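These are the residues of each chain, in order.
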Amino acid sequence: MKYCCLLVLLSLATSSLFAQSKLDIRGTVVDTTSMPLPGATVVLMNAQDSVLVGFAISGDKGRFEIKRQSPGTYLLQVSYVGYQLQYQAVELSADDKDVNLPPIRLRASDAVLDEILVSGERIPMSIRQDTIEYQADAFKTRQGARVEDLLRKLPGVEVDRAGNIRAQGEAVQQVLVDGKEFFGNDPKIATKNLPADAVDKVQVFDKKSELATFSGIDDGNERRAINLSLKEDKKNGYFGDLEAGYGTDDRYQGKMNLNRFGKGAQLSVIGMGNNVNEQGFSLDEYINFSGGLGSFLGGANEGGRVRLDLNDAGLPLSLAQQDGILSTHAGGLNFNQDFGKRTELRSSYFFNHVNTDLDRSTRQQSLLTENGFTSEGDSKFASDNTNHRLNVNLRHRIDSFQNLGWQSSLGYNTADQENRSTRRSFNDRQEAENEGIRQFASQGDNLLLRSSLVYRRRFRKRGRLFVADASLGLRSNEAASRLDSRNTFFQQAFTDRINQRQSQDEQLNSYGLRFSYTEPLQKGRYLEFNFAHQTVDNQLDKEFYDQLPMGEQFNEELSRFYTQQYAFDRAGINFRWNRRKSKLTLGAAMQYYRLQGQLSNEVQSVRDSYVRFLPSLRYKRDFGQANELTFAYRTSIQEPSLEQLQPIVDNSDPLRQYIGNPDLIPEYIHDLELRYLLFSQFSQISLFANAGLSYTRNKITQAQSIDAQLQQVIQPLNVDEDWLARANISFGSPLRFMKSRSSVNLGSNYSRSIVFVNGQRNLVQRQSYNLEYSISNRSWDKIDFRFGADLGWNKVRYDLLQDLNQSYLSQTYFADLTVFVGKNTELNSIFDYSRYSDESFGAAQSVPLWRASITQYVFQKKGRFILSVYDILDRNLGIRRSNAFNFVQEVRSNALRRYVSLGFGWSLSGFDQKKGGIEIDAGGRRR
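Every value quoted in this text rests on a predicted model; they were computed, and no experiment measured them.

**Q** When you look at the sheet that holds strand E3 (residues 52–57) in this model, what are you seeing that I'm missing?
**A** Strand pairing in a sheet is mediated by backbone hydrogen bonds. Such pairs are either parallel or antiparallel. Spatial ordering of the open sheet is given by E3-E2-E5-E6, a layout of 4 strands whose pairing is antiparallel. Strand pairing shows two members of the sheet lacking a second neighbour, E3 and strand E6 (86–92), which therefore form its edges. Taken pair by pair, the neighbouring strands of this sheet meet at an average axis angle of 20°, ignoring direction.

Have a look at this one:
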């Protein structure tokens, strides 16, 4: 904490370095009748190049103030919806005091301008209802900058170190290019690949759902989005960028993006290849292959059971960047085409190939009913994953009252992995109880298809609407594995060996139907009736073959063939009341859930059915632009997975076996959420607060049985309840004395869960707190910087054995500095210092990571040479500490170490760069 305080004091002390003569500009915006115009956009620009240097929004009485401006010649631009632009030359002298301008009078848009001749009009920033529009050229970025760099310059927009975007205090969930989807819904693909100089305007708005856009009825399902409007010459031609580099230890990296846009069509290609742990396009991790029957060895899941998400076909980006050495080769293609005014196609294809080389050591402290035990292990893990994904979205407008939408996703994944590990467990007297030496190898492939067709029909009576939706899903997963394990139990002086060949064949088919009908009542009131049906058929065939001296033998005890069908019918009603400042939705549904399963060679089958009442409520109140409060209450059902239900032993780690539970019932989840958002365009202060509470009945948790030799068997089961509370506050404010911005993020989570160890109920309480503070500049021409701290504190408390209670602190301090030397040289330095402290794991561990680069632009800045050094101090180390289930652990792994690289990049463009000028005459008129 003292380091964080030091950073805050340092930022305040910096003000003395920037103390100079600064002037405030004040004025009032009125119409021709002298009536004040609140909400007018007032922009101060450099007279020479029209780059924005300050702005303000007029208050209730039309007053505005632009603070702390340096002496110089400026142009003041005032805009208001329905009125003509007004320009005024402003001269600031070091000898002047604060400037008070005479009232600025705006004329209605139908008036005739006889004094000012405007050529190439440009408004740096304007606000139109719920859309904020920025003129990209008014915000200066360096040569070769990406859209991500441009966004960092925009007032009200923040981009963190990971590339996540917040606009007016709210997370941006989608980035469009000329109103069209770009590589699906991942915002980072556009911001990290498109060049900033291709963008004409940046528009920030709340994107309504497709249904709300079609019907004209606000359903409350909106998300913050950004649209990148391209320059005219970029809409008909090509542009892009290429970069490649090679370094010591045979380190290499290369990336490219090419864009060919034409009338009604967009074609973009991106690609990359490296062995320096750069993982591609920031899509969600996709690991739908678990080595057949074993848990995919992961840090936070050591000792527990990994539950894989098989419902997404994103890129398999494998492990976290600090873990192991990753070699990645990936590519993507995005194609959008408009066929006339009625039909539009949105499509994308991804390819990704990842090799992982991971050496890991783990130390884990686990809970028992009377005492704890410790486990230590080492593993060498290698994997080879290849993934293809194709997305197609076709929309067709039948007429002004009807439209059709078809969306499909096809994914194919292959994976090979090999894991060699040694693990030893010690009792509370530090006596070795067992040791497992395991070699597990597997190969498999997965095919996933999801498709949906939606029909929408509106009627002449406004608000009357009918929607029908059909969906289909297919999945095939095949895997072949080999297990060779030697397990020694020291107290019994006994060694057991398992040598098996294992195979898995899983097939899943699903289909669903949904209908809804909306009837308008009185003004702003609507009643929606809906019905949904979903059926999922799943079958899994697992076979085990023991490798014996006399030959291979089928293991009937472990092998199983299992079938499962899950289906539900849900009927509901929603009442919507939409007013100008508030929106209310009340909902209720009844869901009838059915589950049946059959295990081969078993007479008894699984047959269960349940009826659940699912209420919901959502209320949103707007107090003004970017000032809103939202309350939501939701209920849902989470059914157990096939893996959790099937009573089949998974012995891929014989010392930690897993077996499903056919008696599981679905979870019933209640979730409360309260959100408040405030962003002041005038002061640039943002506040985002979020609090939530989740309560789950029949929570599916883990029961662990541990014998005297510390051999473990894990099985899922239902418990009465589970609680999770969360809260987060983000506050941002400009530091005007240094033309920078500071932000503070506070987060906290509390969970209260139940686990069973050897039949005894144990209450586990986990708490986590996080504080992040950062300062970043926004408008300096020669220096860019960002520095701050990220502190996290975790605490876990056990009901049974309080001696095993844990708490640990993680600290990260970071500094990112870029200096522009002359017109063609750029220096960059990034320093991260991480420190982990916990008495349970011995002495505190510190990891300093320093990276630096020099970029020299050549050939009129179309080309660039990049000399970079990674891990200058040669101290990088992969280390993580976590708690889960009934254990806390520390994982250390190999990490990318120091290397030097030299690269070259080239910017491509099929157009001449046209630049407009702004001329101000002696009377302050703009030409």
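Let us keep going from here.
**Q** Can you walk me through the sheet that holds strand E12 (residues 165–167) in this structure?
**A** Reading across the sheet, the 3 strands line up as E11-E12-E13 and stay open at both edges, with antiparallel pairing between neighbours. Two strands in the sheet have a free side with no partner beyond their single neighbour: strand E11 (157–159) and strand E13 (170–171). Of the strand pairs in this sheet, E11 and E12 are connected by 3 bridges, and their pairing is antiparallel. Bridging across to E12, Glu 158 finds its partner in Arg 166.

**Q** What is the right way to read the side chain of Glu 181 from this model?
**A** Inspection of the secondary structure puts Glu 181 in strand E15 (residues 180–181). Among the polar contacts made by the side chain of Glu 181, one reaches the side chain of Arg 395 at a distance of 2.9 Å. With residues near it in sequence (within four places) discarded, Glu 181 still touches Gln 174, Leu 176, Asn 334, Asn 336, Arg 346, Asn 393 and Arg 395.

**Q** What am I meant to see in the packing of aromatic side chains here?
**A** How two aromatic rings sit relative to each other is given by the distance of their centres and the angle of their planes. Enumeration according to the criterion identifies 15 aromatic pairs in this entry. Members of the aromatic cluster, connected to one another through ring pairs, are Tyr 566, Phe 568, Tyr 593 and Tyr 610. It is Arg 166 that lies over the ring of Phe 688; its NZ or CZ is 4.7 Å from the centre. Above the face of the Tyr 545 ring, Arg 501 is positioned so that its terminal group lies 4.3 Å from the ring centre.

**Q** Honestly, the environment of Asp 359 in this entry has me stumped. Any pointers?
**A** Position of Asp 359 among the secondary structure elements: in strand E22 (residues 343–367). The spacing of Asp 359 and Ala 895 is 536 residues in sequence and 8.9 Å in space, taken between C-alpha atoms. The contact partners of Asp 359, leaving out residues within four places of it in the chain, are Ser 379, Lys 380, Arg 892, Ser 893 and Asn 894. Of the polar contacts made by the side chain of Asp 359, one reaches the side chain of Lys 380; its length is 2.9 Å.

**Q** For this particular structure, what's the right way to read the side chain of Gln 337?
**A** Checked against the element boundaries, Gln 337 lands in strand E21 (residues 325–339). The class of Gln 337 is buried, set by a relative accessible area of 18%. Apart from the residues lying within four places of it in its own chain, the contact partners of Gln 337 are Gly 264, Ala 265, Thr 343, Glu 344, Leu 345 and Arg 346.

**Q** So what exactly am I meant to see when it comes to the pairing of strand E25 (residues 432–458) here?
**A** The side chains of a regular strand alternate, first on one face of the sheet and then on the other. As paired elements, strand E24 (residues 402–426) and E25 share 25 bridges and run antiparallel to each other. Considered in E25, the bridge of Leu 404 is made with Tyr 455. As consecutive antiparallel partners, E24 and E25 are separated by 5 residues, and within that stretch Gln 430 has a phi angle of approximately 60°, a positive value. As judged from the 25 bridges shared by E25 and strand E26 (residues 465–489), these two strands associate in the antiparallel manner. Bridging from a neighbouring strand, Leu 449 pairs with Leu 474 of E26. Joining the antiparallel neighbours E25 and E26 is a turn of 6 residues, in which Gly 463 adopts a positive phi near 100°.

**Q** It is not clear to me how the pairing of strand E28 (residues 525–548) should be interpreted in this structure. Could you clarify?
**A** As paired elements, strand E27 (residues 494–520) and E28 share 21 bridges and run antiparallel to each other. If you follow Asp 505 over to E28, its bridge partner there is Asp 541. Hairpin connection of E27 to E28: 4 residues between the antiparallel strands, including Gly 524 at a positive phi of 80°. Relative to strand E30 (residues 560–578), E28 runs antiparallel, the two sharing 18 bridges. Looking across to E30, one finds that Leu 527 is bridged to Phe 575. In this sheet, strand E29 (residues 551–554) lies alongside E28 in antiparallel orientation, the contact comprising 4 bridges. The partner of Gln 547 across the bridge, within E29, is Glu 552. Hairpin remark: E28 followed by E29, antiparallel, with 2 residues in the connecting loop.

**Q** What exactly am I supposed to notice about the pattern of salt bridges here?
**A** Any two side chains of opposite charge can pair, given that their charged atoms come close. One pass over the structure, following the stated rule, counts 40 salt bridges. Among the ionic pairs, Glu 181 bridges to Arg 395, the shortest N-O distance being 2.9 Å. Taken together, the residues Glu 181 in strand E15 and Arg 395 in strand E23 (residues 372–399) connect sequence positions 214 residues apart. Grouping residues by exposure puts Glu 181 and Arg 395 together as buried. Here Arg 726 and Asp 671 are joined by a salt bridge, their closest N and O atoms 3.2 Å apart. Here Arg 726, found in strand E38 (residues 712–735), pairs with Asp 671, found in strand E36 (residues 667–679); they are 55 residues apart in sequence, far enough to count as distant. With a relative accessible area of 24%, Arg 726 lands in the partly exposed category. For Asp 671, a relative accessible area of 12% translates into the label buried. Here the residues in one salt-bridge network are Lys 180, Glu 181, Asp 338, Glu 344, Arg 346 and Arg 395, joined through shared partners.

About the thresholds
- Sequence order sets the numbering: in each chain, residues are counted from 1 along the sequence as written.
- Reporting of local features is limited, given that this is a predicted model, to residues whose pLDDT is at least 70; pairs of side-chain atoms are given and counted only at 80 or more, and all residues count toward the totals for whole chains, interfaces and linings.
- Values shown for side chains rest on all heavy atoms present in the structure; no hydrogens or waters enter the calculation.
- Two strands qualify as a pair provided that DSSP identifies no fewer than 2 bridges between them.
- Put simply, DSSP marks the helices as runs of H or I at least four residues long and the strands as runs of E at least two long, and each gets a number from the N terminus on.
- Think of each axis as a best-fit line through the C-alpha atoms, taken over the contacting stretch in the case of a helix, with angles from 0 to 180 degrees between the N-to-C directions.
- We call two N or O atoms a polar contact when they sit within 3.5 Å, provided that within protein one can donate a hydrogen and the other can accept it, with sequence-adjacent residues counted only if both atoms are side-chain atoms.
- Every residue pair with non-hydrogen atoms within 4.5 Å of one another is taken to be in contact.
- Between the rings of Phe, Tyr and Trp (Trp by its six-membered ring), a pair exists once the centres lie within 6.5 Å; its type follows the angle of the planes, with under 30 degrees stacked, over 60 edge-to-face, and the other angles tilted.
- Over a ring means this: the NZ of a Lys or the CZ of an Arg is within 6 Å of the ring centre and within 35 degrees of the ring normal.
- A 1.4 Å probe rolled over the protein chains alone gives each residue an accessible area, and that area as a share of the maximum for its type sets the label: buried under 20%, exposed over 50%, partly exposed in between.
- We define a salt bridge as a contact between a side-chain nitrogen of Lys or Arg and a carboxyl oxygen of Asp or Glu at a distance within 4 Å.

Worth remembering: the numbers are spatial, not functional.
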